[in-house]
Amino acid sequence: MNPEQIKAALGSGLLSFPVTHFDAQGRFAPESYKAHVEWLAGYDAPVLFAAGGTGEFFSLKPDEIPGVVAAAKEAAGDTAIVSGCGYGTDIAVDIARSVEKVGADGILLLPHYLIDAPQEGLYAHIKKVCQSVGIGVMVYNRDNSVLQADTLARLCDECPNLIGFKDGTGDIGLLRQVTAKMGDRLMYLGGMPTAEIFAEAYLGAGVTTYSSAVFNFVPGLANEFYVALRAGDRATCARILTDFFYPFMAIRNRVKGYAVSAIKAGVRLQGFDAGPVRAPLVDLTDEELTMLDTLIGSHKRKA
């Protein structure tokens, strides 16, 4: 896809980030991963993000990422695949070029590693990554990489393939400033953990879609919520939030890193051999797995 095509795809429906499957020795498990991606591609999600945050990008070696992306492309059929990308500038450029070669339809540029940076440094970093590839690039505003609206506008002027802005700050004031300033120049994506919790507020700020982590294991329920959100059906949204998302959030909040670990546990409970998380994350306890299993069971398995 060219940048405008992936921009259109990103804005056309609910999105998700498949977990990366590992075997018992912690190695990438492509066959199980492809089976899971193929299942997800059968639901309404126009784009899946391979090796993203929920896909444990932070624990993958740079030379593992193209293999994950290639496997996702093989399994996804007509569903577009965007790859995670990040770390320092030169490493990010190498990753971006490597996933472009294996067919990624775009990249999501995650925050750079560790240290805070001034706006001018963020500008130079993102500009270099964008100009290293021909595919579309989406930036992820969160943690130590928070672009201000003026910096983003400069990047849009310099980088035609910068097509998307994902927000994980929860700063609705800044987000609305960005959407007001940039208008339809960019596609806007909600990126808070368990994004459904924030989806109604983000919709009011001009963000029409988001990446659903729980789509990994209850894609039907995730789609039901998204359809209700876009239809303005607040009663259905409130019901699903109360019955599923708030209980899930209670499990997720028990231990740091469970925003990923609980998703991978849900995938395993749905019958896919996703394997454990990699250190420094930890897996759910048996008690917590039972809690999650009960929650999934109350909303129909394979739903």
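Residues numbered from 1 in each chain as written. Predicted model: local features only at pLDDT ≥ 70, side-chain atom pairs only at ≥ 80, totals over all residues. Heavy atoms only, no water.

Per an unreviewed UniProt entry, the chain is named 5-dehydro-4-deoxyglucarate dehydratase, and its organism is Ensifer adhaerens.

S.K.: So what exactly am I meant to see when it comes to the pairing of strand β4 (residues 106-109) here?
M.R.: Residues in a regular strand point their side chains to alternate faces of the sheet. With burial as the criterion, each face of β4 is covered, one bearing Gly-106 and Leu-108 and the other bearing Ile-107 and Leu-109. The β-α-β motif built from strand β3 (residues 80-85), the intervening helix α4 (residues 89-101) and the parallel element β4 has right-handed crossover chirality. Sheet topology places β4 next to strand β5 (residues 136-141); 4 bridges connect them, and they run parallel. Bridge assignment links Leu-109 to a residue of β5, and that residue is Val-139. Remark: the β4/helix α5 (residues 119-130)/β5 crossover connection has right-handed handedness. (Buried < 20%, exposed > 50% of the residue type's maximum accessible area, 1.4 Å probe, protein only. Helix = DSSP H or I, 4+ residues; strand = E, 2+ residues; numbered from the N terminus. Right-handed = clockwise from strand over helix to strand, strands pointing away. Pairing = 2+ DSSP bridges.)

S.K.: Please clarify how empty space enclosed by the protein should be interpreted in this entry.
M.R.: Empty space among the atoms can be located by rolling a probe the size of a water molecule over them. Under the criterion given, the structure shown has 3 cavities of 30 Å³ or more. In this structure, the largest cavity spans a volume of roughly 70 Å³. In terms of lining, the largest cavity is formed by 13 residues, of which the most central are Gly-190, Ala-195, Ala-199, Tyr-202 and Tyr-210. Those elements giving two or more residues to the lining of the largest cavity turn out to be α8 (199-204) and β8 (209-210). Per-element tally for the lining of the largest cavity: the top contributor is α8, with 3 residues. (1 Å grid on protein atoms, 1.4 Å probe; cavity = no way out; pocket = protein on both sides within 12 Å on 5 of 7 lines; lining within 4 Å. Points joined across faces, edges and corners; volume = space filled by probe spheres on them.)

S.K.: Even after reading the chapter, I still don't get the side chain of Ser-211, so can you show me in this structure?
M.R.: For Ser-211, the location among the structural elements is in the loop between β8 and α9 (219-231). For Ser-211, a relative accessible area of 8% corresponds to the buried category. A distance of 3.3 Å separates the side chain of Ser-211 from the side chain of Lys-166, its partner in a polar contact. Excluding residues within four positions of it along the chain, Ser-211 makes contact with Leu-15, Phe-17, Lys-166, Leu-189, Gly-190, Gly-191 and Ala-195. (Polar contact = N/O pair within 3.5 Å; in protein donor to acceptor, adjacent residues only side chain to side chain. Contact = heavy atoms within 4.5 Å.)

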